[in-house]
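Structural features, examined
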Amino acid sequence: MSTAVTAGASGARQVWRRLRGRPSAMVAGGVLVLLVVLALAAPLLAAIEGQDANSYHDALVDSARGGVPIGSFGGVSGDHWLGVEPGTGRDLFVRLLYGAQVSLLVAVGATAVQVLIGVVIGLAAGLGNRLLDTFLSRVTDVMVALPMLVLAIALTAVVPADFPRPLLLILVIGLLNWGGTARIVRAQTLTLKQLDFVAAARLGGSGRVRVARRELLPSLAAPVITYGAILLPSNIVIEASLSFLGVGVTPPTPSWGQMLSTAQTWFRADPTYVLLPAGLLFVTVLAFTVLGDAVRTALDPREASRLRVGTRAGRRARTGGDAATSLKETAS
Amino acid sequence: MTRYLLKRLGGALLVLLALSVAVYALFYLVPGDPARLACGERCSTQQVTQVRERLGLDASVFTQYGHFLQGIVAGRDYSTGTAVLHCDAPCLGFSYKTDQQVTRLILERVPATLSLALGAMVIWLVIGVGTGLLSALRRGGITERALTVLTLAGTGMPVFILGLLLLMAVCAYLRWLPFPSYVPLSQDPEQWAWNLLLPWLTLGFFESAKYARLTRSSTLETLAEDHIRTFRAYGVGERAVVGRHALRGAVPPVIALNANDLGTVVGGAVLTETLFGIPGIGKTLVDAVRVVDVPVVVGVVLVTGTAVVLANVVADLLYAAADRRVALL
């Protein structure tokens, strides 16, 4: 368990060196950088292709055959690099790029909210008195136990339709899924609190807030980054799932999950329309997972790779919800 | 033991109570006027007022919540002005859209959800535990690679990608099976199984990655323990060491995880049910959310929460029962 991995400049350089030593991490990182660049450059690329996300092209779909794109591979042509959407004829390349934007935006935003709430609650529980700690830990337990997807779906029902959907998704996912971060931060805080440098700061007259900010936060960076790297791909999946179910991003804003839910009617007639968003989602989640695992081992080399050799979580003492076991659990 | 159980059940009850408060506050107080939602778009102001009276929405918030709880515990009567509408004991209200009792509506969906969950469980246990055990006992080689692939593909992948690809391959291209549509077990067991085959495989494969990892790590850990070394030193055969002693240590975590997962899946395998059109609890939720049928949404959330929280308690009990080194305090 990482107790005090320094996150100073030399530490960062060391982590980078370890990451570079793993080809899988570099490939995954490269894929993600490419994806981010493509997503950010979506308007530019759309302009180069000469298309936009929401124009219908009736002439490009065969209305006699129910709207199947004309031409091979879903209507791939010089004008439409990845073909067009069946039924509407909207440009698939541009829609996939904007879908990447939504996916990344929601995932990063939700992760930020989760980490923020998790760190604040975890620190408060770890530094506060016993009553506060018990209360916050119980709330955290409840948050971890409850079925997150079900609650997220339910919550989307009560928000007015004109509320911006990506923001709503960020908030819903962020507010529901901070329990893991809070547990880790609390456990780390309890360990760090015992160490000399924190005691020294307390003796030097620093208040709790100052100790938390100046002494604890830097040491918490490594485990929090590690956990955030695990949260990111799962947030991408949650966004895709909600959009797939029709309660996420609303049309005409494109999203991969939403494309996949409409793709079900086009299995045979237009397989490209299924495979493109499915493949993109798969590759993105896989890249984030591989990179997250690499970051984890790079930040704390004592931890074995989660993907390569299974977990070291081992037997889970499931009885009793003490910090050590819950940390193990969330890490596996 | 009894004391532990009481403590855990008390805790579970508190959690559910907290959930009910949160859910009640969110769903009945936030979204505008419940009476208008219940009545529909085309209701006149007078009709809305009637509905408000019937649902007891003119009372104070706390009274309303009290009625809500009372309905769950003891049942509740709604007066329609001319007659009294009774809602039986675990009363979660009436659906805004179909006027059916929510409890009954959810109970009707339980068989479909259970059909999916139990079948998928068999698959994830067989594949997951099987791969995990094999790869722990024979390190290196093909099972190891199978595990790596399973883990990579299964770690955090959305379940519907697997489902979509299976549907596409098996039903659209190979045409081995028609596109599944749910048939109740009571109606035709054979068709029931055939139509659930793909959903079972999808959910089963999806979950099996977790089990493979857990089984592998817990088996390896048990094999590394002192008492196993002692058995080996006494000359106990490898088969007996693994079969009789190592498994005893490796199985409890799997059982515990399984109980937890079963709770979650029963609470709503939302994605699998929606993808394959299985009329279970999860699909009910999605359908209700789309038409803002608040009582059904609230009902499903509470039922799901109950399933998950109870499964948690059961998981701990099973764990302790399977691993005698764990004492319940």
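Residues numbered from 1 in each chain as written. Chains lettered and ligands numbered in written order. Predicted model: local features only at pLDDT ≥ 70, side-chain atom pairs only at ≥ 80, totals over all residues.

You'll find chain B entered in an unreviewed UniProt entry as ABC transporter permease, with Streptomyces scopuliridis RB72 given as the organism. UniProt, in its Sequence similarities (unreviewed entry) section for chain B, records the words "Belongs to the binding-protein-dependent transport system permease family." Its UniProt record, at the heading Subcellular location (unreviewed entry), says of chain B: "Cell membrane". (UniProt positions renumbered as here; feature names shortened; annotations may be inferred.)

You'll find chain A entered in an unreviewed UniProt entry as ABC transporter, with Streptomyces scopuliridis RB72 given as the organism. Of the comments in the UniProt record for chain A, the one headed Sequence similarities (unreviewed entry) reads "Belongs to the binding-protein-dependent transport system permease family." Per its UniProt entry, chain A bears the Subcellular location (unreviewed entry) comment "Cell membrane".

**Overview of the interface of chain A and chain B**
Taken together, the contact pairs 44 residues of chain A with 51 residues of chain B. Residues belonging to the side of chain A that touches chain B are distributed by class as follows: 29 nonpolar, 10 polar and 5 charged. (Contact = placed C-beta atoms within 7 Å. Nonpolar A, V, L, I, M, F, W, Y, C, P; charged D, E, K, R; others polar.)

**Observations regarding the UniProt feature "domain: ABC transmembrane type-1" (unreviewed entry) in chain A**
Mapped onto the present numbering, the UniProt feature "domain: ABC transmembrane type-1" (unreviewed entry) falls on residues 100-292 of chain A. As annotated, residues 100-292 of chain A has a helix share of 81% and a strand share of 0%, and its two end C-alpha atoms lie 19 Å apart. (Helix = DSSP H or I, 4+ residues; strand = E, 2+ residues; numbered from the N terminus.)

**A few points about the UniProt feature "transmembrane region" (unreviewed entry) in chain B**
Residue and element names in this part refer to chain B. What UniProt calls "transmembrane region" (unreviewed entry) maps, in this numbering, to residues 12-30, 114-137, 149-176 and 296-319. The span residues 114-137 is 100% helix and 0% strand, and its two end C-alpha atoms sit 33 Å from each other. Each end of residues 296-319 is marked by a C-alpha atom, and these two atoms are 34 Å apart; helix forms 100% of the span and strand 0%.

**Quick word on the domain arrangement of chain B**
Residue and element names in this part refer to chain B. When cut into domains, chain B gives domain 1 (2-87) and domain 2 (102-328). Each of domain 1 and domain 2 was reduced to a C-alpha centroid, and the two centroids are 34 Å apart. Contacts between the two partners involve 13 residues from domain 1 and, on the opposite side, 13 residues from domain 2. If you list the elements that add at least two residues to the side of domain 1 that touches domain 2, you get helix 1 (2-29) and helix 2 (34-39). In terms of residues, the side of domain 1 that touches domain 2 owes the most to one element, helix 1, which gives 11 residues. For the side of domain 1 that touches domain 2, the class distribution of residues is 11 nonpolar, 1 polar and 1 charged. (Domains from an automatic or database assignment.)

**Regarding the environment of Q264 of chain A**
As for its position among the elements, Q264 of chain A is in the loop between helix 12 (256-263) and helix 13 (271-299). Taking the C-alpha atoms as reference, Q264 of chain A lies 37 Å from R296 of chain A; in sequence the two are 32 residues apart.

**Notes on the packing of helix 7 (residues 148-158) of chain A against helix 11 (residues 208-244) of chain A**
Residues and elements named next belong to chain A. One way to put it is that helix 7 packs onto helix 11 with a least axis distance of 11 Å and a crossing angle of 50°. Classified by the interaxial angle, the pair formed by helix 7 and helix 11 is oblique. Remark: the crossing between helix 7 and helix 11 carries right-handed chirality. On the side of helix 7, the interface is formed by L149, A152, I153 and T156, while helix 11 contributes I238, S241 and L242. Looking at the contact of helix 7 with helix 11, its residues break down into 5 nonpolar, 2 polar and no charged. (Axes fitted to C-alpha atoms, helices over the stretch in contact; angles between N-to-C directions. Parallel < 35°, antiparallel > 145°, perpendicular 65-115°, else oblique. Left-handed = near helix turned anticlockwise from the far one by under 90°.)

**Digging into the UniProt feature "transmembrane region" (unreviewed entry) in chain A**
Residue and element names in this part refer to chain A. The UniProt record annotates "transmembrane region" (unreviewed entry) at residues 25-48, 102-127, 139-161, 167-185, 216-238 and 273-292. Between the C-alpha atoms that bound residues 102-127 there is a distance of 37 Å. The span itself is 100% helix and 0% strand. Between the end C-alpha atoms of residues 139-161 the distance is 30 Å, and the span holds 78% helix and 0% strand.

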